[in-house]
Amino acid sequence: MTQSEQLHEWIEQSNNIVFFGGAGVSTESNIPDFRSVDGLYNQQYDYPPETILSHSFFIQNTEEFYRFYRNKMIIEDAKPNDAHIALANLEKQGKLKAVITQNIDGLHQKAGSKEVLELHGSVHRNYCMDCRTFYPLDEITSQKGVPVCSCGGTIKPDVVLYEEGLDSYVLEKSISYIKNADVLIIGGTSLAVYPAAGLIDYYQGDKLVLINKSKTSRNAHANLEINDSIGKTLRPWA
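Rules used in this analysis
In every chain, residue numbers begin from 1 and rise along the written sequence. Local features in this predicted model are restricted to residues of pLDDT 70 or higher, and side-chain atom pairs are both shown and tallied only at a pLDDT of 80 or more, whereas totals for entire chains, interfaces and linings draw on every residue. As a rule here, side-chain values come from all non-hydrogen atoms in the structure, and water together with hydrogens is ignored. Elements are defined by DSSP. Helices are runs of H or I of four residues or more, strands are runs of E of two residues or more, and each kind is numbered from the N terminus. Here a helix's expected span is defined as the number of its residues, less one, multiplied by 1.5 Å. For the exposure calls, accessible area comes from a 1.4 Å probe over protein chains only, and a residue counts as buried if that area is under 20% of its type's maximum, exposed if over 50%, partly exposed in between. The arc under discussion is defined with respect to the helix axis, by the directions toward the C-beta atoms. Throughout, a contact is declared for two residues whenever any of their heavy atoms are within 4.5 Å. As used in this structure description, the phrase polar contact means that two N or O atoms lie within 3.5 Å; if the pair is within protein, one of them must be able to donate a hydrogen and the other to accept it, and residues adjacent in sequence are counted only when both atoms belong to side chains. Each pair of strands is called paired provided DSSP finds at least two bridges between the two strands. Fitting a line to C-alpha atoms yields each axis, with helices limited to the stretch in contact; the angle taken between N-to-C directions then spans 0 to 180 degrees. Here a cavity denotes grid points, spaced 1 Å and computed from the protein atoms alone, that fit a 1.4 Å probe unable to get out, and a pocket denotes an open set having protein on both sides within 12 Å along at least 5 of 7 lines; residues with an atom within 4 Å of a point are the lining. Grid points are joined across faces, edges and corners, and a volume is the space filled by probe spheres set on the points. Nonpolar residues are Ala, Val, Leu, Ile, Met, Phe, Trp, Tyr, Cys and Pro. Charged residues are Asp, Glu, Lys and Arg, and all others, Gly as well, are polar. Side-chain rings of Phe, Tyr and Trp, where Trp is taken by its six-membered ring, are said to pair if the distance between their centres is within 6.5 Å; with planes under 30 degrees apart they count as stacked, over 60 as edge-to-face, and otherwise as tilted. Put simply, buried Ala, Val, Leu, Ile, Met, Phe, Trp, Tyr and Cys residues joined by side-chain atoms within 4.5 Å make one nonpolar core.

**A word on helix α9 (residues 168-180)**
Because an α-helix packs 3.6 residues into every turn, residues spaced three or four apart end up facing the same way.
At step 1: Its 13 residues place the ends of α9 18 Å apart at the C-alpha level, agreeing with the 18 Å of an ideal helix rising 1.5 Å per residue.
At step 2: Every buried residue belonging to α9 is among Val-170, Ser-174, Ile-175 and Ile-178, and all of these are buried. Projected onto a plane normal to the axis of α9, the buried residues spread over an arc of 135 degrees and lie on a single side. Every exposed residue of α9 that faces more than 90 degrees away from the buried side is listed here: Tyr-169, Glu-172 and Asn-180.
At step 3: Taken together, the buried residues of α9 touch β1 (17-21), β2 (96-101), β3 (116-118) and β7 (183-187).
At step 4: Where α9 begins, one side-chain oxygen reaches toward the backbone nitrogen of Tyr-169, 3.0 Å away; that side chain belongs to Asp-167.

Structure, rendered in structure tokens:
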């Protein structure tokens with residue numbers, strides 16, 4: 001049996017699949033990944049992206065943060081690809097219980113997925129740091145410089161920056177889904193960013209699928225390993 005046939009069999013036989021994904025899920029929608037050769041980490045800025053995308057930089061250099069953020073983190077015309085659509089379809093069929101994502105682009109929801117746990121937040125949610133009023137993405141894109149609330153407070157994207165902790169509710173819910181999953185599919189992530197990468201340690205089953213173009217540090221733990229594009233691999237369900 002080929003790897004694709006094995007994946008097909010496991011998906012068709014299961015009604016308790018959980019998907020855990022990273023940047024590689026969205027690169028096929030032309031959203032740059034952080035660590036690939038053409039990703040954000042290999043481009044030149046006044047500061048490295050890890051510095052700009054940190055909490056302390058946001059507080060101390062808010063205008064510079066927003067210059068980078070609007071330029072590089074917001075891709076408004078991005079559309080869901082076959083991977084996003086396949087996952088939404090599997091949820092509609094009652095097979096997929098949840099999508100757990102490290103991405104902040106909202107493409108899973110755009111494709112129709114309902115149970116999406118965003119470990120690192122979303123560009124589509126923004127809030128005033130003073131009065132906590134929430135704002136949609138267009139409030140960030142329509143304002144110049146540092147976006148300001150009607151109360152005068154600074155608006156911050158509801159994304160998890162470096163030096164910030166993950167939302168405990170999202171984390172606990174993700175752990176619960178992974179613990180109880182029959183099939184866990186991990187796709188498009190190098191499994192290098194913690195604590196998110198450590199979530200797979202909670203999986204207790206024997207159908208751990210790793211779909212990634214390159215090897216990860218966890219390949220030895222996989223029951224099925226597919227080194228290919230995630231969109232191409234999940235296309236039969238799209």
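**Here's the deal with the sheet that holds strand β8 (residues 208-211)**
At step 1: Reading across from one edge, β3-β2-β1-β7-β8-β9 is the order of the six strands in this open sheet, with parallel pairing throughout. A single partner strand is all that each edge strand has here, and the edge strands are β3 and β9 (224-226). Between one strand axis and the next, the sheet turns by 15 degrees as a mean value, whatever way the strands run.
At step 2: Bridge analysis of β7 against β8 gives four bridges, and the strand direction is parallel. Paired with Gly-187 across the two strands is Ile-211, which belongs to β8.

**Here we look at helix α6 (residues 82-92)**
At step 1: Of all eleven residues in α6, eight are buried; the element is thus mostly enclosed.
At step 2: Turning to α6, its buried residues are Ala-83, His-84, Ala-86, Leu-87, Ala-88, Asn-89, Leu-90 and Glu-91.
At step 3: Buried residues belonging to α6 abut α1 (3-13), β1, α2 (24-27), β2, α7 (107-111) and α10 (230-234).
At step 4: A side-chain oxygen of the first residue of α6 lies 2.8 Å from the backbone nitrogen of Ala-83; this N-cap is Asn-81.

**Things to note about empty space enclosed by the protein**
Any empty space left between atoms is shown by rolling a water-sized probe over those atoms.
At step 1: Here the structure, examined in full by the defined rule, presents one cavity of 30 Å³ or more.
At step 2: As for the largest cavity, its lining consists of Thr-101, Asn-103, Ile-104, Asp-105, Gly-106, Leu-107, His-108, Gln-109, Val-116 and Glu-118.
At step 3: Per-element tally for the lining of the largest cavity: the top contributor is α7, with three residues.
At step 4: Of the residues that constitute the lining of the largest cavity, the class distribution is three nonpolar, five polar and two charged.

**Topic: the packing of aromatic side chains**
At step 1: The tally for this structure, following the rule as stated, stands at seven aromatic pairs.
At step 2: With a centroid separation of 4.9 Å and 70 degrees between ring planes, the pair formed by Tyr-47 and Phe-57 is classed as edge-to-face. A residue pair is termed long-range when its members are at least 10 positions apart, and Tyr-47 in the loop between α2 and α3 (49-52) and Phe-57 in helix α4 (residues 55-60) qualify at ten residues.
At step 3: Here Phe-65 and Tyr-66 contribute two aromatic rings whose centre-to-centre distance is 5.3 Å and whose plane-to-plane angle is 85 degrees, an arrangement assigned as edge-to-face. Accessibility assignment for this pair places Phe-65 and Tyr-66 in one class, buried.
At step 4: Counting every residue linked through ring pairs, the aromatic cluster contains Phe-58, Phe-65, Tyr-66 and Tyr-69.

**Some points on the layout of surface pockets**
At step 1: By volume, the second largest pocket is sized at about 250 Å³.
At step 2: Taken together, 16 residues make up the lining of the second largest pocket; nearest its centre are Gly-121, Asp-158, Val-159, Val-160 and Asp-167.
At step 3: When residues of the lining of the second largest pocket are traced back to their parent elements, those giving at least two are β4 (121-128) and β6 (155-159).
At step 4: Of the residues forming the lining of the second largest pocket, the biggest block, four residues, is contributed by β6.
At step 5: Across the lining of the second largest pocket, the residue classes tally to seven nonpolar, two polar and seven charged.

**Considerations on the nonpolar core**
At step 1: In this structure, Leu-7, Phe-19, Ile-185, Val-209, Ile-211 and Leu-234 are the most contacted members of the largest nonpolar core, which totals 22 residues.
At step 2: Of the residues forming this core, the biggest block, four residues, is contributed by α6.
At step 3: Apart from residues lying up to four places away in sequence, Leu-7 is in contact with Ile-185, Val-209, Ile-211, Leu-224, Ile-226, Thr-233, Leu-234 and Trp-237.

**A few points about the sheet that holds strand β5 (residues 134-135)**
At step 1: Strand order in the open sheet formed by three strands is β5-β4-β6, and the pairing between neighbours is antiparallel. Single-partner strands in this sheet number two, and they are β5 and β6.
At step 2: Relative to β5, β4 runs antiparallel, the two being bridged by two bridges. Bridge pairing in β5 links Tyr-127 to Phe-134.
At step 3: Its contacts with the sheet put helix α5 (residues 62-73) on β4 and β6, and the angle it makes with β6 is roughly 45 degrees.

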